[in-house]
Amino acid sequence: MSTAATAEAIGTIVNDFSIHVATANGSGSQTSNMVLLRALFQMGIPVSGKNLFPSNIQGLPTWFTIRASKDGWIARKQDSDVIVCMNPETADEDVATARKGAVLIYDDSLRQQEKRPDCIHYPVPFKKLIAECCPDLKLRKLVINMLYVGVCAELFGIDMHELKVALNKQLAGKQKAIDINLPALEHGAKWVRENLPKKDPFKVQHMDANKGKIIIEGNAASALGLMFGGVTVVTWYPITPSSSLCEYLDEYLNRFRLDKDGKRTFAVVQAEDEIAAAGMLAGAGWAGARCFTSTSGPGISLMNEIIGLGYFAEIPFVICDVARTGPSTGLPTRTMQGDIYSLMYASHGDTKHIVIIPSEPKEAFEFAQEALDIAEEFQTPVFLMLDLDLGMNYWMSDRFAYPSKPIHRGKVLTKEQLQELGGKWGRYQDVDGDGIAYRTIPGTEHPNAAYFTRGTGHTPQATYSEKPEHWKSNMDRLAKKFETAKKRVPKPVISGHGSKVGLLFCGTTTEAIREAVHELEHKHRVKVDLCRVRAFPFTTEVEEFIEKHERTYVVEINRDGQLRMALSGELPRLAPKLRSILHYDGMPLTAATVVAQFREQEGAWGKGTPE
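From a predicted model like this one, the values you see are computed outputs, not experimental measurements.

(A) A look at the overall build of the protein chain. Counting secondary structure elements, the protein chain contains 20 helices and 22 strands. Whereas a compact globule of 611 residues would reach a radius of gyration of roughly 25 Å, the protein chain reaches 27 Å, a difference of no more than 12%. Along the longest, intermediate and shortest principal axes, the C-alpha atoms of the protein chain span 90 × 70 × 40 Å. Of all 611 residues assigned to the protein chain, the portion counted as buried reaches 57%. In the protein chain, the share of contacts with a sequence separation of at least 24, taken over all contacts with a separation of at least 6, comes to 75%. For the protein chain, the accessible surface area stands at approximately 25,700 Å², while carbon and sulfur atoms represent 53% of it.

In C-alpha cells form, the structure reads like this:
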C-alpha cells in the first residue's frame, strides 16, 4: 500500500499533536528543537515549546516537547503523540512511558518494536545516515539531531522551505554551522521518502493563526519591559532559572541604551552573592535609580533582611523571582509556584509586599514596566513573580506595543516644592491620607532635602525613636499604604456564565485552565467562572468573585496551596468557600489534571457537577 493510501486508511489528524524529543544535554539538540518549533510556527500553526533539561553536567538526558494545536492550546499535553528517541540511555524508559498508539522514532539498533507492539514504530538508521552526510567525526554528535528534524518533516508534512528559513534564523551569522546542519536536514527527509512508508495519522498543513504573534521566552520579554521601563541599575547573581533574564537585559541595554558617544547610561553589576546584589539594590534605590535584580527562591531567602530594610525604610526596587522547584536546591530546572507565600510576606516582623503576576510574555513585558513605576510610587520593594515555565520556555505571544505613557516616579519633591513647604516636610509623614509619604532624591539642592534613612524605629521626620507610639503609627501607615495599593495594582481578569462554581488561579496555570474549561463545557456540559489573579494585595474584584460563588477552586502549582493560604489569611470570612486543585511534580500543569481533580471533588459534593 502506498504512503498516501496508508494514511487515508487510518484517518488523518491535522495540526493537533505533540512531539517529545529525548536527547543528551550538550549535543546541539537545542538548535534542532528550535528549528522544528519555528518552522511549525512559520506555517501559521499555534505551537509551544517546553524544555526539560538536567541541572547537572553536560551529557545528561534532556527532553523538549513541541505541541502543535489548530485550536490554539499551548499548555503541556498530558501524553505525547510522537516520541523521538535520540538518546540511547533513556530510550527504554521513553518508550515504556509512551501512550498506546504513540509514534516512536528511534535508531534502528535500539530494536524497540518488540517492547511496545501497541505503538507505531519508525526505526531509522541515524548512525549510518549521519556518517553519509557529515564527514567530520567530531561534528557528527552535534549534527545528528538535525536528522530527526528531516525525518519528522517528511513524515508529517512540515514545509522544508520553512525549516530552512528557521535554520538560518536560529544560526544567524554562523554560516559554517548552517552549511553543516543543512545536509543532515535534507538527508533525513530524503531517506524517509525512499524507505519509510507512513503508518501514523499525524500531519501538518499551513494555517493563518499566528498573524501578529511572536515566539519568545518570558525572561527575554521581562528584560525588554525593564529596558523600556527605564531601569538604570541592575545588580544580580546567577541562579537557575533567572540568570537569562539579566543576561538578556545586559545585552539589550548595551544595544539600545548608549549615549551618542557610545557610553553606557546604565550600570549592570554581577555581585558576589545574592545578599550583595540586594544590598546594592537598596543603595541604588535610595540614591534615586530605577533598579532591579532577578533571582529564584533560594536567592529570595538570602535577600530577606534587605527586603525588610527596603520595606521599612521605604526604598523602591524591583525583584523578579523566577520560581523553581524546591525546597533547598530541589529541582532547579523544573517549575513550581512555590514562592507565593514567601514573596507576599518576605522578611521579618510585619511585612506585606506588592507582588505582580504575569501569565504570558506580553504581560511579562508590560508588568516589568508597571513594577518599576509601582515601586517608586509606593516607595517599596515590588516583586515580579514568574516561574521557570514562563521564564525559560518558548511561548507564542501577541506582539508587544511600544510604551506610550511616561515613567511615573511618584511623590518626589523638587527644590521648588521644598522651598514652598519651608521646614514642614517630614520624610515619613502621611500628608495625603494614602499612607504614602513624600521623598527627596540625594543631590536635591535644598537644605531641607536631607534626611536619615534607617532600618530602626523613626518618627515622621525620620529622626531616631524607640517610642511605642512612633513604632505603631509608622506600622499603621505602612498598612494603609498597602491598602492604597489595591487600587493601583493590575486587576484580575474575570470571565464566566454566572455559575455557582469558580476557578481562581494565577500565572502559567492559565493556559491549562483555559483548555480545561473548554473540555468541561463541551465534553462534560459543565460551566465554571474564572478569576485570574494578577497581583497582591488582592483587589476588591477578587473578594467579590469568591463572595458570589458557592465554592471556588484555587488552582496552583505547589503542594500546600499557598495562594489559597494567602486568600484565607487576607479574606478569612471567605476561607470556607475555597477548595484546592494542586499540581507539584515539577512539570507544567496540564488541562487533564485540572479536569480530573475538579470532577473528582465536585462528585464528592453529592450534587453532581454544576450547571
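(B) Representation of the domain arrangement of the protein chain within the structure. Here the protein chain is described as being made up of domain 1 (13–203), domain 2 (220–398), domain 3 (411–490) and domain 4 (493–604). Computed over C-alpha atoms only, the centres of domain 1 and domain 4 are separated by 36 Å. Each partner contributes residues to the interface: domain 1 has ten residues there, and domain 4 has twelve residues. In total, about 950 Å² of surface goes out of reach between domain 1 and domain 4, with carbon and sulfur atoms giving 62% of it. Remark: the boundary between domain 1 and domain 4 carries one salt bridge. Counting across the interface, domain 1 meets domain 4 through four residue pairs in polar contact (both at pLDDT 80 or more). Grouping the constituent residues of the side of domain 1 that touches domain 4 by class yields four nonpolar, two polar and four charged.

(C) Structural context of the sheet that holds strand 20 (residues 535–536). Within the open sheet, the seven strands sit side by side as 11-10-12-13-15-14-20. Their pairing is mixed. Pairing within the sheet leaves two strands with one partner each, and these edge strands are strand 11 (267–270) and strand 20. As judged from the three bridges shared by strand 14 (residues 354–356) and strand 15 (residues 381–387), these two strands associate in the parallel manner. Opposite Ile354, over in strand 15, you have Val382 as the bridge partner. Across the sheet, helix 10 (residues 274–286) lies against strand 10 (233–236), strand 11, strand 12 (291–295) and strand 13 (317–323), angled at about 160° from strand 12, the strand it touches most.

About the thresholds
- Residues numbered from 1 in each chain as written.
- Predicted model: local features only at pLDDT ≥ 70, side-chain atom pairs only at ≥ 80, totals over all residues.
- Heavy atoms only, no water.
- Helix = DSSP H or I, 4+ residues; strand = E, 2+ residues; numbered from the N terminus.
- Rg over C-alpha atoms; globule rule 2.2 N^0.38 Å.
- Buried < 20%, exposed > 50% of the residue type's maximum accessible area, 1.4 Å probe, protein only.
- Contact = heavy atoms within 4.5 Å.
- Areas by Shrake-Rupley, 256 points an atom, 1.4 Å probe, with all protein chains shown as cover.
- Domains from an automatic or database assignment.
- Buried area = accessible area lost by both parts, 1.4 Å probe.
- Salt bridge = Lys/Arg side-chain N within 4 Å of Asp/Glu carboxyl O.
- Polar contact = N/O pair within 3.5 Å; in protein donor to acceptor, adjacent residues only side chain to side chain.
- Nonpolar A, V, L, I, M, F, W, Y, C, P; charged D, E, K, R; others polar.
- Pairing = 2+ DSSP bridges.
- Axes fitted to C-alpha atoms, helices over the stretch in contact; angles between N-to-C directions.

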